[in-house]
Every structure is written in structure tokens, then in C-alpha cells.
Amino acid sequence: MRPRGCPCVRHCAHDHLRCIRRGASCRISGRLCGNHVSGDKPSKEVFLHRAFYETREGTGAVVHLHSTFATALSCLADTDPDDCIPSLTPHVVMRVGAVKLLPYVKPGDAQMGEMICDLGGRYAAVLLANHGPVVTGTDIASAVYAAEELEETAKLLVLLRGAPRRMLSPENVAELKAVFGRA
């Protein structure tokens, strides 16, 4: 996919990965415009990426995975939709922040992009119910590191299920946000 009229797509060193940079020249009427110009057909879920680029300031990369533990959490009936990756470690607070669980819709349904747009850029990551995470970053490396942190925290949450957990306090979280900023 290449936004019309600007060289915003660059190929990364990672195999089969295309990066789309956010930029003012990629916007027409407040929407990212794009058309497929060559190579493999874009993912049927490209609108997930577009929704974050359109609504979350500073987004330079978006990754969508079907990672095991984050997807497992997205399938659990008692996962808190407003805080599905709670503040268990300082690193999840610093790299990922709060994670919203979005309701299930079939893969490829444009409604997922609409649900992300409806969040108004308040979340750097979401968990798609029964599907997997979508994570943003200022660049591809930070998005991948944040996705890795989300997955590792999801793994800890699954491993600790049923055991008493020591969570970071609201004061701990506030201090991390004050020192390190919003994820």
C-alpha cells in the first residue's frame, strides 16, 4: 500500500514487513489515503493500522499480532474490557499503558477500525476479543518492543491466574507516567 502522492511506504529490514509513515502529505480530508501499487496484497485488516494513524498523535508504526498469551486473555470471559492488561510490571506501564479490550467482530470487518477511531487516540494498544493485540509506537522498533512487553505481561497474567497477585498501586503507576510519560 502506498499513500497517493507521497513516498510514505518504505520497506523495512524485516522480511514481509511494510512500514507506512504518518505524514501530513498522506492526508486528504482527514483520512489516510492509499492504494496498493505493488507486491503482496495488503492485509484485509489494514484499516486497523489506518485507524491508529488517524487518531493517535505520534504514531509512526502499528503492529497486529495473533500472539498466544495476549490472544488467550482476549478469549477469557472475565477479562476486564477497560483494563485487560493491568499494571503488573513497570515496563508494561511505560511501554504499553492501558489496554482496551474491543468486542469481537470477524477478521476483516471494517467495524474494528471504526471501534479504534471511536477511542479517540486514548490507547496505544488494544486487544481484539478472540483475535489478538494491535499495538502502536513512534517507530517500528518501539511498536515491536511494546507488543513484546504486552505479550510477556499477558503470559504472566495467564501463569498467575488464580493466585493472589501484587499489582502496582495507582501511586506507582502515576509516578511512572510522571517520570516516563504516557505510553
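Refer to the structure above for everything that follows.
Throughout what follows, the structure given in this document is the object of discussion.

Thresholds, definitions, all that
- Residues numbered from 1 in each chain as written.
- Predicted model: local features only at pLDDT ≥ 70, side-chain atom pairs only at ≥ 80, totals over all residues.
- Heavy atoms only, no water.
- 1 Å grid on protein atoms, 1.4 Å probe; cavity = no way out; pocket = protein on both sides within 12 Å on 5 of 7 lines; lining within 4 Å.
- Points joined across faces, edges and corners; volume = space filled by probe spheres on them.
- Helix = DSSP H or I, 4+ residues; strand = E, 2+ residues; numbered from the N terminus.
- Nonpolar A, V, L, I, M, F, W, Y, C, P; charged D, E, K, R; others polar.
- Buried < 20%, exposed > 50% of the residue type's maximum accessible area, 1.4 Å probe, protein only.
- Pairing = 2+ DSSP bridges.
- Salt bridge = Lys/Arg side-chain N within 4 Å of Asp/Glu carboxyl O.
- Contact = heavy atoms within 4.5 Å.
- Patch = residues over 30% accessible without salt bridge, like charges linked within 9 Å, V, L, I, M, F, W, Y side chains within 5 Å.
- Areas by Shrake-Rupley, 256 points an atom, 1.4 Å probe, with all protein chains shown as cover.

## A short note on the layout of surface pockets
Then, in step 1: Approximately 310 Å³ is the volume found for the second largest pocket.
Then, in step 2: Elements that contribute at least two residues to the lining of the second largest pocket include exactly helix 3 (90-95), strand 8 (132-137) and helix 5 (140-159).
Then, in step 3: With three residues, the single largest contributor to the lining of the second largest pocket is helix 5.
Then, in step 4: By residue class, the composition of the lining of the second largest pocket is six nonpolar, seven polar and four charged.

## Points about the pairing of strand 5 (residues 61-64)
Then, in step 1: Residues Ala 61 and Val 63 of strand 5 are buried on one face, and the alternating residues Val 62 and His 64, pointing to the opposite face, are buried as well.
Then, in step 2: Here four bridges tie strand 5 to strand 8, and the two strands are oriented antiparallel to one another. The partner of Ala 61 across the bridge, within strand 8, is Gly 137.

## What about the pattern of salt bridges?
For side chains of opposite charge, pairing can occur when their charged atoms come near one another.
Then, in step 1: Taken as a whole, this structure holds four salt bridges when the rule is applied.
Then, in step 2: The salt bridge involving Arg 161 is made with Asp 78; its shortest N-O contact spans 2.9 Å. Of the two residues, Arg 161 sits in the loop between helix 5 and helix 6 (170-180) while Asp 78 sits in the loop between helix 2 (68-75) and helix 3, which places them 83 residues apart along the sequence.
Then, in step 3: Accessibility expressed as a relative area gives 43% for Arg 161, which makes it partly exposed.
Then, in step 4: A salt bridge links Arg 95 to Glu 149; the nearest nitrogen and oxygen atoms lie 3.8 Å apart. Within this pair, whereas Arg 95 is found in helix 3, its partner Glu 149 is found in helix 5, the two being separated by 54 residues in sequence.
Then, in step 5: The exposure class assigned to Glu 149 is buried, which follows from its relative accessible area of 15%.

## Side note on the environment of Arg 95
Then, in step 1: Assessed through its relative accessible area of 40%, Arg 95 is described here as partly exposed.
Then, in step 2: Among residues more than four places away in sequence, those in contact with Arg 95 are Tyr 145, Ala 146, Glu 149 and Ala 183.

## Section: a nonpolar patch on the surface
Then, in step 1: On the surface, a nonpolar cluster with roughly 250 Å² of combined accessible area is contributed by Leu 156, Leu 159 and Leu 160.
Then, in step 2: Of note, Leu 159 is situated in helix 5.
Then, in step 3: Residue classification places Leu 159 among the exposed residues on the basis of a relative accessible area of 60%.

Without other data, these values stay purely geometric and don't point to any function.
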